[in-house]
Amino acid sequence: MNNLSKNYINGEWVSWSGPTLDVHEAGTGDVIAKVPASGRDEMEQAIAAADAAFADWSESSLDQRIKVLEQLHAGLKERAGEIAETVCREVGMPIKLATGIQAGLPATITKTYLRMLPDFPFSEQCGNSEVQYAPVGVVGCITPWNYPLHQVILKIVPAIAAGCTVVLKPAEIAPQSAYILAEILDGTDLPKGVFNLVSGEGQTVGDTLIKHPAVRMVSFTGSTRTGGLIAHAAADDFKRIALEMGGKSASVILPDANLAAAVKGTVNNCLLNSGQTCTALTRMLVPADLHDEACELAAAAVARMTPGNPLEETTRLGPLASAQQRDKVIDYIKLGIEEGHTLVAGGPEAPEGCDKGYFVKATVFGNVKPGSRLEQEEIFGPVLCVIPYQDEADAIRIANGTQYGLSGAVWSADADRAKKVAGKLRTGQVFVNGGDFNPLAPFGGFGHSGIGREFGKWGLEEFLEVRSLQL
Ligand code: NAD
């Protein structure tokens, strides 16, 4: 990639000679790239370009938008190997998983919108009114590092499809796949100014983006803390916001469930991307009399997940994405011990043979007390809390007992019972008996986990204003 030292503004790669941000390889800690720590001026130029491009793009034909997204889809497929390796190195997700998820999902999602767009009702009749769905305007997209391209695609594809123009500020820790995306878009028929990328820090360029009056919507994925800042900034200017934030999701294993299958499913989900997944099932709720057996099964499952070099095909658990994230997770493991929960597997020491890179042992705590910090706070690492419960009502109360509401799971031999309990969880999605992930279904959070939905038609509607013509 030749453009990592630049920003992409108004259809041009613009050189930057100011300070830079180091990008590290998660598995070694080495610096593998440098990207601009741009200033507010660069962000303002990008916003001006997006603003200027809006009038024409908002009137572009559906065929024009579809053609660009088809070109994007082809580019994502063509560069999939490079995307997978880039994200594997930056984030630490094992290459096999990164190929399917970090590189595969962006192409899949683009395809879902390509399939949906020809029939999407951009206007409809309501009595004597014609209801029109119009693009919201310039959209500021701010994204995190854990699924860095996937989270960008979930915003820019429906935004561009809706007729919006975009300024993207990717995450500092894993920005390179956004550059690959910009290079792909540069080779499409997208008019200049419709997509812009400015690399830099949240407090500077991110801050300019969320406060600029020409930006009519901010679509954000990241921490609940930053989401709160964005909600405050947006309130001053009545901007639309879509926020995808943190989680502390519960896997509720009912007494009649297949315990081994439920524990295995929960552990696999919890450890995906070394626990750096917003929807991770990090709290496993088990009937009190099955607690010890569940802990044994969980310990056996994590023992099979030895951390290793993420670039090797056989590795199942990689490092964390940054030194800061590793240190944060280790502090939480120490906190778990201090709070008096039972350390069942793992611990705060570095895993054997992993003296370089940002590795942490997969860790399981048992007898975790509801209301404790370990049980309430998002750790964003490979740490599972096993929580005993008394009865179904107790399980639902504990599951709903955090500020978050992003995801969840219910396991039971009785499908109707599982569905009934799932319907009582205050979360945006619930996996019932290991149901498959569906890229057409809405994704988002209740409470402090988010506002708005991504994926499918719900993801597109976020970028549309409603206008009714009385005829
Ligand atoms: P973060 O909030 O620190 O950073 C996210 C983005 O916000 C980055 O691009 C950052 O530069 C930017 N930012 C930071 N401060 C800003 C400011 N003052 N103004 C504007 N922009 C600012 O989050 P993170 O540590 O990168 O990501 C991890 C978090 O993301 C976790 O809490 C996780 O749960 C959440 N997440 C949520 C989802 C979801 O869909 N719900 C998906 C992935 C991650």
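So, a few notes on the structure that sits alongside this text. No experiment lies behind these values; they were computed from the predicted model shown.

Concerning the overall build of the protein
When helices and strands are counted, the protein shows 15 helices and 20 strands. Relative to its length of 471 residues, the protein is compact, with a C-alpha radius of gyration of 22 Å against a globular reference of 23 Å. When the backbone C-alpha atoms are referred to their principal axes, the protein occupies close to 65 × 60 × 40 Å. A separation threshold of at least 6 residues defines the contact pool for the protein, and within that pool the share at least 24 residues apart is 73%.

Focus on the side chain of S199
Looking at where S199 falls in the secondary structure, it is placed in the loop between strand 9 (195–197) and helix 7 (202–211). Among the polar contacts made by the side chain of S199, one reaches the main-chain carbonyl oxygen of P36 at a distance of 2.6 Å. Among all residues touching S199, those that are not within four sequence positions of it are N7, V35, P36, A37, S38, P170, Y179 and V205.

Topic: unusual backbone geometry
Its identity is not glycine, yet N367 carries a phi of approximately 50°, on the positive side. If you trace the backbone, N367 turns up in the loop between strand 15 (363–366) and helix 12 (373–376). With relative accessibility at 37%, the residue N367 sits in the partly exposed group. The phi angle at F455 is positive, at roughly 75°, despite the residue not being glycine. Among the structural elements, F455 can be located in the loop between strand 19 (450–451) and helix 15 (456–461). F455 gets classed as buried once you look at its relative accessible area, which sits at 2%.

Considerations on the state of the cysteines
Note: disulfide means a covalent bond formed between the sulfur atoms of two cysteine side chains. Applying the stated rule across the entire model yields zero disulfides. Of all cysteine sulfurs in the structure, the one in C270 sits closest to C385, which takes part in no disulfide; the separation is 8.2 Å.

Quick word on the nonpolar core
If you look at the biggest cluster of nonpolar residues, it comprises 75 residues, and the most contacted ones within it are L72, I156, L181, F195 and L460. With ten residues, the single largest contributor to this core is helix 5 (residues 148–162). Residue-level mapping places this core at the junction of two domains, with at least three residues from each of domain 1 (6–245 + 448–470) and domain 2 (250–438). If near-sequence neighbours (up to four positions away) are discounted, L181 is found in contact with L72, L149, V152, I153, I156 and F195. Counting residues in hydrophobic clusters, the runner-up holds 30 residues, among them L320, L374, I387 and V421.

A short note on the pairing of strand 6 (residues 129–135)
The buried fraction of strand 6 amounts to five of the seven residues, a majority that puts the element mostly inside the structure. The sheet contact formed by strand 5 (residues 123–126) and strand 6 spans four bridges and is antiparallel. Within the sheet, the bridge partner assigned to Q125 lies in strand 6 and is E130. The hairpin turn running from strand 5 into strand 6, its antiparallel successor, is two residues long, and G127 in that turn takes a positive phi close to 60°. One ladder, built from seven bridges, connects strand 6 with strand 20 (residues 464–470); its direction is antiparallel. Note that in strand 20 the partner of S129 across the bridge is Q470.

With respect to the sheet that holds strand 6
Ordered by their spatial adjacency, three strands build an open sheet running 5-6-20, and the pairing between neighbours is antiparallel. The sheet is open, and its two edges are formed by strand 5 and strand 20, each paired on a single side. Strand-to-strand, the axes of this sheet are offset by a mean angle of 25°, without reference to chain direction.

Details of the packing of aromatic side chains
The final tally for this structure, using the stated rule, is seven aromatic pairs. With a centroid separation of 6.2 Å and 35° between ring planes, the pair formed by Y8 and F195 is classed as tilted. Here F195 lies in strand 9 and Y8 lies in strand 1 (residues 6–9), a separation of 187 residues in the sequence. Across the pair, exposure class does not vary: Y8 and F195 are buried alike. Ring centres of F120 and F122 lie 4.9 Å apart, and the angle between their planes is 65°; this geometry places the pair in the edge-to-face category. As far as burial versus exposure is concerned, F120 and F122 are alike and both buried. An aromatic cluster is built from Y8, W13, Y179 and F195, whose rings are joined through pairwise contacts. Positioned above the aromatic ring of W458, the side-chain terminus of K457 is 4.7 Å from the ring centre.

Points about the site of the ligand
Near the ligand you find 28 residues, and of these Q151, S223, T226, M245 and E378 are the closest. Here G202 contributes a backbone N or O atom positioned 3.4 Å from a nitrogen atom of the ligand. Here an oxygen atom of the ligand and a side-chain polar atom of T226 are 2.7 Å apart. Look at the ligand: alone it shows 850 Å² of surface, and the protein chains cover 89% of it. For the shell around the ligand, the elements supplying multiple residues, two or more each, are helix 7, strand 10 (215–221) and helix 8 (224–237). Per element, the largest residue contribution to the shell around the ligand is four residues, and it comes from helix 7. There are two domains that each give the shell around the ligand at least three residues, and those are domain 1 (6–245 + 448–470) and domain 2 (250–438).

Calculation criteria
Residues numbered from 1 in each chain as written. Predicted model: local features only at pLDDT ≥ 70, side-chain atom pairs only at ≥ 80, totals over all residues. Heavy atoms only, no water. Helix = DSSP H or I, 4+ residues; strand = E, 2+ residues; numbered from the N terminus. Rg over C-alpha atoms; globule rule 2.2 N^0.38 Å. Contact = heavy atoms within 4.5 Å. Polar contact = N/O pair within 3.5 Å; in protein donor to acceptor, adjacent residues only side chain to side chain. Buried < 20%, exposed > 50% of the residue type's maximum accessible area, 1.4 Å probe, protein only. Disulfide = S-S within 2.5 Å. Core = buried A, V, L, I, M, F, W, Y, C linked by side-chain atoms within 4.5 Å. Domains from an automatic or database assignment. Pairing = 2+ DSSP bridges. Axes fitted to C-alpha atoms, helices over the stretch in contact; angles between N-to-C directions. Phe/Tyr/Trp six-rings, centres within 6.5 Å; stacked < 30°, edge-to-face > 60°. Lys NZ or Arg CZ within 6 Å of the ring centre and 35° of its normal. Near = heavy atom within 4 Å. Areas by Shrake-Rupley, 256 points an atom, 1.4 Å probe, with all protein chains shown as cover.

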